[in-house]
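Here is what each chain is made of, one letter per residue.
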Amino acid sequence: MNTPDPLQLAHRLDTARSDRSPVPSLAGTHTLGIDDAYAVQEALVGLRQARGERLTGVKLGFTSKAKMAQMGVSEVIVGRLTDAMRIGDGAELDLSDFIHPRVEPEVAFRLSEHVDLDDPTTDIASRVDAVAPAIEIIDSRYQDFRFTVTDVVADNTSAAGYVVGTWRPLSDVANKAVRLRTPQREAVGSTAAILGAPLATLHALLDICRRRRVRLTPGQIVLAGAATAALPLTAGVTACHIAGLGTVTLKGR
Ligand code: OOG
Ligand code: MG
């Protein structure tokens, strides 16, 4: 077993993405603890920033039982979003840019103010001004989309793209029907599946950002985590509808 070198493992995952060539689980060759995994993620995002990408938000993973069951991971994790991952509502995207992409129905929040991670009285919901339906594109850099919790944290939680629909003033969005439709398949659920209510994920976010020293700044978006299992992203229109929030789409080709 090798001692992990965060930068070296970050390069391995970065190359897997750019070559569209998935790699085996790091757990097979490295003794990777959760702190090491976040250090790899930090280095991986650092490589993107060094190429000129800008951080646009954060995402939570495994906030629903449906996702935990699909992937065999039962711990809430956090990853980073950049401007290179942003896709316009209804925009086309090239499937050949990805390895084995999947889509997830998500609720997005927008941060309106800086969140002080060191102030124990921080009320994170008061730092959010808007909510929108979203689709997240995940694309694991691991073979067969199989990973351990440390693997997926190192791989920036499979983050690959995101589409956000129309922003609306913040409301509680609890217990709203969620429907994700691809040309072949459909997944239905409820926002109640996401830690009981999407707003609850903000508390989980604050907690994990405090522990992992992930900065939260105004204008950033937060993806609360999928309410259903992910579906394969295929050619044609994919739509996510959330009752009360509306619909967001993308088009694979
Ligand atoms: C990891 C990302 C999980 C979610 O919404 O739960 C995630 C994966 O399943 O590849 O984004
Ligand atoms: Mg997600």
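These notes cover the structure that comes with them. (Residues numbered from 1 in each chain as written. Chains lettered and ligands numbered in written order. Predicted model: local features only at pLDDT ≥ 70, side-chain atom pairs only at ≥ 80, totals over all residues. Heavy atoms only, no water.)

**Observations concerning helix α1 (residues 6–19)**
Three- or four-residue spacings in an α-helix give side chains the same orientation, since the helix completes a turn every 3.6 residues.
Working step 1: For α1, spanning 14 residues, the distance from its first C-alpha to its last is 20 Å, which sits close to the expected 20 Å at 1.5 Å a residue.
Working step 2: Residues of α1 that are buried: L9, A10, L13, D14 and A16. In a view along the axis of α1, the buried residues occupy a sector of 155°, so they form one face of it.
Working step 3: If you follow the buried residues of α1, they end up packed against α2 (34–50) and α4 (149–154).
Working step 4: Just beyond α1, the residue with positive phi is R20, at close to 55°. (Helix = DSSP H or I, 4+ residues; strand = E, 2+ residues; numbered from the N terminus. Expected span 1.5 Å × (residues − 1). Buried < 20%, exposed > 50% of the residue type's maximum accessible area, 1.4 Å probe, protein only. Arc of directions from axis to C-beta. Contact = heavy atoms within 4.5 Å.)

**Details of the side chain of H30**
Working step 1: Positionally, H30 belongs in the loop between α1 and α2.
Working step 2: Filtering out sequence-adjacent residues up to four positions away, H30 remains in contact with M1, N2, T3, P4, L9 and R12.

**Here's the deal with the coordination of the magnesium ion (ligand 2)**
Working step 1: Around the magnesium ion (ligand 2), the donor atoms from the protein are E104 (OE), E106 (OE) and E136 (OE), and they sit 2.0 to 2.1 Å away.
Working step 2: Donor residues binding the magnesium ion (ligand 2) come from one chain and are separated in sequence as E-x1-E-x29-E.
Working step 3: Judged by relative accessible area, which is 1%, E106 ranks as buried. (Donors = N, O, S within 2.8 Å, 3.2 Å for Na, K, Ca; no water.)

**Quick look at the packing of aromatic side chains**
How two aromatic rings sit relative to each other is set out by the distance from centre to centre and by the angle between their planes.
Working step 1: Inspection of the entire model under this criterion finds two aromatic pairs.
Working step 2: Here R102 stacks its cationic end above the ring of F145, 3.8 Å away from the centre of that ring. (Phe/Tyr/Trp six-rings, centres within 6.5 Å; stacked < 30°, edge-to-face > 60°. Lys NZ or Arg CZ within 6 Å of the ring centre and 35° of its normal.)

**Here's the deal with the pattern of salt bridges**
Working step 1: This model, assessed by the stated rule, comprises 16 salt bridges.
Working step 2: Note that D207 and R211 form a salt bridge whose closest N and O atoms lie 3.2 Å from each other. Of this pair, D207 and R211 both sit in helix α5 (residues 198–212), four residues apart, which is roughly one turn of that helix.
Working step 3: Salt bridges sharing partners connect three or more residues here, namely D14, R17 and R51. (Salt bridge = Lys/Arg side-chain N within 4 Å of Asp/Glu carboxyl O.)

**Quick look at the packing of α1 against α2**
Working step 1: Remark: α1 packs on α2, axes separated minimally by 8 Å, with the N-to-C direction vectors making an angle of 55°. Comparing the axis directions of α1 and α2 gives the class oblique. Every pair of crossing elements has a handedness; the one defined by α1 and α2 is right-handed. The residues of α2 that touch α1, namely those facing P6, L7, L9, A10, H11, L13, D14 and R17, are A39, V40, A43, L44, L47 and R48.
Working step 2: Residues that form the contact of α1 with α2 fall into these classes: 10 nonpolar, one polar and three charged. (Axes fitted to C-alpha atoms, helices over the stretch in contact; angles between N-to-C directions. Parallel < 35°, antiparallel > 145°, perpendicular 65-115°, else oblique. Left-handed = near helix turned anticlockwise from the far one by under 90°. Nonpolar A, V, L, I, M, F, W, Y, C, P; charged D, E, K, R; others polar.)

**Digging into the nonpolar core**
Working step 1: In terms of nonpolar packing, the biggest core is built from 66 residues, with I137, L205 and L216 touching the most fellow members.
Working step 2: If one sorts the elements of this core by residue count, α2 sits on top with six residues.
Working step 3: If we ignore the near neighbours within four places in the chain, the residues touching L205 are V58, L60, V78, I124, L216 and V222.
Working step 4: Residues A108, A132, V164 and I221 belong to the second largest nonpolar core, which totals 10 residues. (Core = buried A, V, L, I, M, F, W, Y, C linked by side-chain atoms within 4.5 Å.)

By themselves these figures say nothing about function.
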